[in-house]
Amino acid sequence: MHRFAGGQCLIGDLICFIDGSFHPICRPGADEDDHLDLLQRAFYNGYHKGHGLNFEFLTFPDGMIGRGFGPVEGRHHDMNLGRISKLVDLFKPGGPLFGFVGYGDKAYVSLEPYIYHPYFGYMTRLERRFNKEMSSLRVESEHNIGHTYSRAALVQHPMQIGKENPGLVFQAAIFFQSIHTCIYGNQTSQRFVMRPPTLR
């Protein structure tokens with residue numbers, strides 16, 4: 001599991017790319033009720049400036065979404081989401097991905113050596129090159145999230161907690177995206193020249 005070998009930017013045993021996704025929802029409740037105010041705070045995300053739910057995606061080179069964990073309240077950062085989902089347990093001895101590593105953005109800095117991330121701060125020429133090459137690969141995770149949104153009209157608008165079930169709808173969207181990938185492949189499977197599994 002070395003980042004460099006013979007001057008080449010590599011991560012040995014890299015199996016998936018990890019990314020979080022913020023899914024907007026309608027603001028819950030009304031300000032007059034203290035409990036609803038707490039609920040609004042739980043779902044509010046300052047970075048996205050809105051209320052929502054967070055999901056965690058694992059994208060594999062064959063184009064499949066290996067896991068879509070969530071939802072959790074929108075206030076959680078990707079790093080907290082990784083702890084809640086017990087992400088590193090997948091890569092520890094006894095986990096289904098033991099012997100492999102994942103790659104995510106800087107939010108996963110505390111999860112090394114199981115999850116690698118870009119270098120930051122002062123960087124050597126090789127470290128800058130590593131970041132550039134890995135960024136161009138990690139974008140496939142964002143493509144898969146985008147495909148999930150584009151193929152499921154129901155997740156393209158903010159839903160209401162209590163009246164609709166955004167978590168269930170989003171998981172269903174991931175499921176149907178996986179079916180689509182098995183039949184037709186997608187941009188990720190084509191880039192890494194890997195056939196997705198069959199439906200069976």
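What you see is a predicted model, and the numbers here were worked out from it, not measured in a lab.

## Some thoughts on the overall build of the chain
Phase 1 of the analysis: Helix and strand counts for the chain come out as five helices and eight strands.
Phase 2 of the analysis: In sequence order, the chain lays out its α and β elements as β-β-β-α-β-β-β-α-β-β-α-α-α.
Phase 3 of the analysis: Residues classed as buried in the chain amount to 46% of the 200 residues present.
Phase 4 of the analysis: For the chain, restricting intrachain contacts to residue pairs at least 6 apart in sequence, the fraction spanning at least 24 positions comes to 64%.

## Some words on the pairing of strand β3 (residues 14-24)
Phase 1 of the analysis: Burial runs high along β3: nine of the eleven residues are buried.
Phase 2 of the analysis: Here β3 runs beside strand β7 (residues 101-103); their pairing, made up of three bridges, is parallel. Considered in β7, the bridge of Cys 16 is made with Gly 102.
Phase 3 of the analysis: Judged from the eight bridges that link them, β3 and strand β5 (residues 50-59) form a sheet pairing that is antiparallel.

## Considering helix α3 (residues 125-150)
Phase 1 of the analysis: The end-to-end C-alpha distance of α3 is 38 Å, a good match for the 38 Å that 26 residues give at a rise of 1.5 Å each.
Phase 2 of the analysis: Largest kink in α3: about 30 degrees, centred on Ser 135.
Phase 3 of the analysis: Every buried residue belonging to α3 is among Glu 127, Phe 130, Asn 131, Met 134, Arg 138, Glu 140, Ser 141, Asn 144, Ile 145, His 147, Thr 148 and Tyr 149, and all of these are buried.

## Re the packing of α3 against helix α4 (residues 166-184)
Phase 1 of the analysis: Running from N to C, α3 and α4 point in directions that differ by 105 degrees, and their axes come no closer than 9 Å. The angle between the axes of α3 and α4 places the two elements in the roughly perpendicular class. Along its contact with α3, which presents Asn 144, His 147, Thr 148 and Tyr 149, the element α4 presents Phe 170, Ala 173, Ile 174 and Gln 177.
Phase 2 of the analysis: Along the lines of polarity and charge, the residues of the contact of α3 with α4 split into four nonpolar, four polar and no charged.

Conventions we followed
Residues numbered from 1 in each chain as written. Predicted model: local features only at pLDDT ≥ 70, side-chain atom pairs only at ≥ 80, totals over all residues. Heavy atoms only, no water. Helix = DSSP H or I, 4+ residues; strand = E, 2+ residues; numbered from the N terminus. Buried < 20%, exposed > 50% of the residue type's maximum accessible area, 1.4 Å probe, protein only. Contact = heavy atoms within 4.5 Å. Pairing = 2+ DSSP bridges. Expected span 1.5 Å × (residues − 1). Bend = angle between axes of the 7 residues up to and from the residue. Axes fitted to C-alpha atoms, helices over the stretch in contact; angles between N-to-C directions. Parallel < 35°, antiparallel > 145°, perpendicular 65-115°, else oblique. Nonpolar A, V, L, I, M, F, W, Y, C, P; charged D, E, K, R; others polar.

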